[in-house]
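# Close look at the chain arrangement
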Amino acid sequence: MQPLEVLKPDVLFPLLLSMFFGIFVGAIPGLTATMAVALIIPVTYYMKPIAGLAMVLGVSFTAIFAGDIPATFLRIPGTPASGAAILDGFELSKKGKGSLALMLDLFCSALGGLIGVVILITVSPPLAKFALKFTHFEYFWLGIFGLSMAAVLSKGNTVKGLMSATLGLLISTIGIDVTTGYPRFTFNITDLMDGVSFIPAMIGLFGLSEVFKRMTEKSQLQLSAVSEVVKPDLKETFKHIWKHKFTLIRGALIGTFIGALPGAGADVAAWVSYGVEKNVSKDEELGKGSVRGVVAPTSANNAAIGGTWIPALVFGLPGDSITAIVLGAMLMYGLRPGPMIFTQSRDLVTQLFTVAVLVQILLIPIGWLGIKAFSLFVRLKTSLVMTAVTVFCIIGSYALRNSVFDVYVMFVFGLIGYAFEKLRIPLAPMILGLILGRTVEDNLRVGLIKTKGNFLPFLTRPISLTLFVMIVLVLIVPPLTKILSRKKV
Amino acid sequence: MSVADLILGFVLVFISFFVLLYSRKFPHFVVRGVRLPGPSFFPRILAVLLLIFAAYIFVEQFLLRKRRVSQEKHRTEAKSLLNLLWISFMVLFAFPLANLIGTFIALTGMSFLLMVVLRSKWYESLILSFSVALVVYIIFGVIFKIPLPEGIIFTKLR
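Residues numbered from 1 in each chain as written. Chains lettered and ligands numbered in written order. Predicted model: local features only at pLDDT ≥ 70, side-chain atom pairs only at ≥ 80, totals over all residues.

## Here we look at the overall build of chain A
Of regular secondary structure, chain A possesses 21 helices and two strands. For 489 residues, the compact-globule formula gives about 23 Å, and the C-alpha radius of gyration of chain A, at 22 Å, lands near that figure. Taken along the three principal axes of its C-alpha coordinates, chain A extends 70 × 55 × 55 Å. With 489 residues in all, chain A has 62% of them scored as buried. (Helix = DSSP H or I, 4+ residues; strand = E, 2+ residues; numbered from the N terminus. Rg over C-alpha atoms; globule rule 2.2 N^0.38 Å. Buried ≥ 20, exposed ≤ 12 C-beta atoms within 10 Å, placed from the backbone.)

## So, the overall build of chain B
Summing up its helical and strand segments, chain B has six helices and two strands in all. Of the regular secondary structure in chain B, the N- to C-terminal order runs α-β-β-α-α-α-α-α. The burial tally for chain B puts 30% of its 158 residues in the buried class.

## Some details on the UniProt feature "transmembrane region" (unreviewed entry) in chain B
Residues and elements named next belong to chain B. Mapped onto this numbering, the UniProt entry gives "transmembrane region" (unreviewed entry) at residues 7-24, 44-64, 84-114 and 126-148. Secondary structure within residues 7-24 divides into 89% helix and 0% strand; the distance between the first and last C-alpha atoms comes to 26 Å. Along residues 126-148 one finds 78% helix and 0% strand; the C-alpha atoms at either end are 22 Å apart. (UniProt positions renumbered as here; feature names shortened; annotations may be inferred.)

## Digging into the interface of chain B and chain A
Tallying the contact residues gives 48 residues for chain B and 47 residues for chain A. Breaking the side of chain B that touches chain A down by element, the ones donating at least two residues are helix H1 (3-22), strand E2 (34-36), helix H2 (41-64), helix H3 (78-101), helix H4 (103-117) and helix H5 (122-143) of chain B. Among the elements that make up the side of chain B that touches chain A, the one with the highest residue count is H3 of chain B (nine residues). Looking at the side of chain B that touches chain A residue by residue, the classes come out as 39 nonpolar, eight polar and one charged. (Contact = placed C-beta atoms within 7 Å. Nonpolar A, V, L, I, M, F, W, Y, C, P; charged D, E, K, R; others polar.)

## Some details on helix H8 (residues 158-172) of chain A
Taking 1.5 Å as the rise per residue, H8 of chain A with 15 residues should run 21 Å; its terminal C-alpha atoms sit 21 Å apart, in good agreement. In terms of burial, H8 of chain A is largely enclosed, as 13 of its 15 residues are buried. (Expected span 1.5 Å × (residues − 1).)

## Description of unusual backbone geometry
All names here are of chain A. For Asn-402, which is not a glycine, the phi torsion comes out positive at approximately 50 degrees. Residue placement: Asn-402 occurs in the loop between helix H17 (382-399) and helix H18 (404-422). A positive phi angle, close to 55 degrees, is found at Arg-424, a residue other than glycine. Structurally, Arg-424 is set in the loop between H18 and helix H19 (428-450). With 14 C-beta atoms counted inside 10 Å, the residue Arg-424 sits in the partly exposed group.

## Regarding H5 of chain B
Compared with the 32 Å implied by 1.5 Å per residue over 22 residues, the 30 Å span of H5 of chain B between its first and last C-alpha is a close match. What H5 of chain B keeps buried is the set Ser-125, Leu-128, Ser-129, Val-132, Ala-133, Val-136, Tyr-137 and Phe-140 of chain B. On its buried side, H5 of chain B packs onto H17 of chain A together with H4 of chain B. Two residues or fewer past H5 of chain B, Lys-145 of chain B is found with a positive phi of approximately 55 degrees.

## Section: the environment of Ile-425 of chain A
All names here are of chain A. With respect to the element layout, Ile-425 can be found in the loop between H18 and H19. The sequence separation of Ile-425 and Asn-157 amounts to 268 residues, and the corresponding C-alpha distance is 7.5 Å. Among all residues touching Ile-425, those that are not within four sequence positions of it are Lys-160, Met-163, Ser-164 and Phe-420.

## Some details on the confidence of the model for chain A
All names here are of chain A. When pLDDT is averaged across chain A, the result is 84; 94% of the residues are at 70 or more. Within chain A, the element-level pLDDT minimum falls on helix H4 (residues 68-74), averaging 79, and the maximum on strand E2 (residues 183-184), averaging 94. Taken as a whole, residues 220-227 scores under 50 in pLDDT and shows 15 contacts with residues more than four places along the chain or in a different chain. (pLDDT = per-residue confidence, 0-100.)

## Considering the nonpolar core
With 209 residues, the main nonpolar core has Ala-36, Val-37, Ala-54, Met-202 and Ile-431 of chain A as its most contacted residues. Among the elements that take part in this core, helix H6 (residues 98-131) of chain A stands out by supplying 17 residues, more than any other. Residue assignment places this core across two domains, with domain 1 (3-64) and domain 2 (78-157) of chain B each supplying three or more. Excluding its chain neighbours within four sequence positions, the residues that come into contact with Met-202 of chain A are Ala-38, Ile-325, Gly-328 and Ile-431 of chain A. (Core = buried A, V, L, I, M, F, W, Y, C linked by C-beta atoms within 7 Å. Domains from an automatic or database assignment.)

## Details of the environment of Ser-93 of chain A
Residues and elements named next belong to chain A. Assignment of secondary structure puts Ser-93 in helix H5 (residues 83-94). For the pair Ser-93 and Val-178, spaced 85 residues apart in sequence, the C-alpha separation works out to 57 Å. Apart from residues lying up to four places away in sequence, Ser-93 is in contact with Thr-72, Phe-73, Gly-98 and Ala-101.

## Comments concerning the packing of H5 of chain A against helix H13 (residues 292-315) of chain A
All names here are of chain A. Contact geometry for H5 and H13: axes closest at 8 Å, N-to-C directions at 145 degrees. Crossing handedness for the pair H5 and H13: left-handed. Two secondary-structure elements touch here, H5 through Ala-84, Ala-85, Leu-87, Asp-88, Gly-89 and Leu-92 and H13 through Gly-293, Val-294, Pro-297 and Thr-298. In terms of residue class, the contact of H5 with H13 is built from six nonpolar, three polar and one charged. (Axes fitted to C-alpha atoms, helices over the stretch in contact; angles between N-to-C directions. Left-handed = near helix turned anticlockwise from the far one by under 90°.)

Given below as structure tokens:
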């Protein structure tokens, strides 16, 4: 039985370890789930692909959940995806119901995650069949669609998002040109002939840049100890979950949908879910310590992870920065994400889906241990955490190809990430540009070569045209709405 | 006016001009007399896009918000700068040092110094840096058998 292969120790053991690691990173404010995934990838180089992907899944789901723990107790989100969970989680905590908030959080994360995974399992294969109809023209627009969505949905200025994506695309042109074999922007450096390696770049952008940021900020990681001892009351937890079952389902569906949009991750999902709940429920307690305010964002942020895997697996289009790293890792394992993966690596996809379900089941005991151990995590010194992250960044980027050059690549991207953070330029579009660069360029050029330089077929085929219209809408509608709303005011 | 954004605009202009000029030496891609998109085609499109973004930033800074005074004060303390430099030093010199004295000792030493710079007590730093280096060495060097530098000194001594 192929799916049961994941229960063998060579997959299960790394999965469990990664989940503990995810809890640890997620629970420490300032360290993100993306960073956790970027740091764990080097450890997976020498494992079989399913073990590596299991670790990535384990880390991402648990880190997103664990981010809600400091959000509830300390009013500091462990990861950006926990921003919305602060509002009511912390208020409940102030009322002495912190343990209830966290137990709800844990079960809603697992259930929301499960709904997201079930949708992933059911939607991906038929979508992949449809994607088989895509040619160079459609893949070009699909790449552009992903990049524009990432730019529009990422926090901050849309223009800066688009600029970040363009810079990512430009970096992806470094290396030997596939069509002509001519080295571009390599400056006679042999290590650049293959292009800029994804993984060191991502470790730098998400790992080292965070260290730089933390080390130049006044705020420190060390926080006050948690006063409340967690006493789980399962009966009360289930009673609340049953009472707010529609909120949970709604949150999970919203989360999965938002996650499936390229560029929008768990953080956007959590806020949208919270906002929808506010409108739908008309609960006046929302924001003042309402259970609904915990259920909605926590079910959405974990469900979003399942959603992000849909475009990643089906089209090879990252749903967020985590899946962008995953795509880089999959290429490293020799896998080619896209519709063909469902036929060429059917066993792996089945195992991947099994792992995703397994993670939701394991999340409950491991998450509970995480809640218990939380007070230990926050007592860790900044110096230790940051030193450990730096050491992991150095060795992790070296380990890919045993290349010191990759360490320098990681360093340069660390500086870029730091500068981007300071200038409020979103990082995710750059990563997407870096990942999608080759796809976008190759499909554009092959399409133009096929048509002898005629661009018209890019706009006349039905799916191409639909995608083009969608891109135009994505780029035009938000500023237009802004202008119109200003005029109204 | 945000100085940082202005600098960003100039950086974009520099990058795009560099790409446009540098890509001029890329060969043309001609098949049966027809000139098709070659190696310079895509980078040039991107360079033009970057120029447009730069122009947008300049227009925004000079025309739309000319009276806006930046409220952001990027005050970097000397200590923060020292931390930044020390981490940069650690990243850049970790492997040259590891090639000399071995990965384990290099990582322990550098982690120790970084922790001391970050105001940890020396004995605490020593124990923790040793533990971090040991965990990393076991994961990458022992379990995954990645050839981490053993160091010239120790190789010669052996």
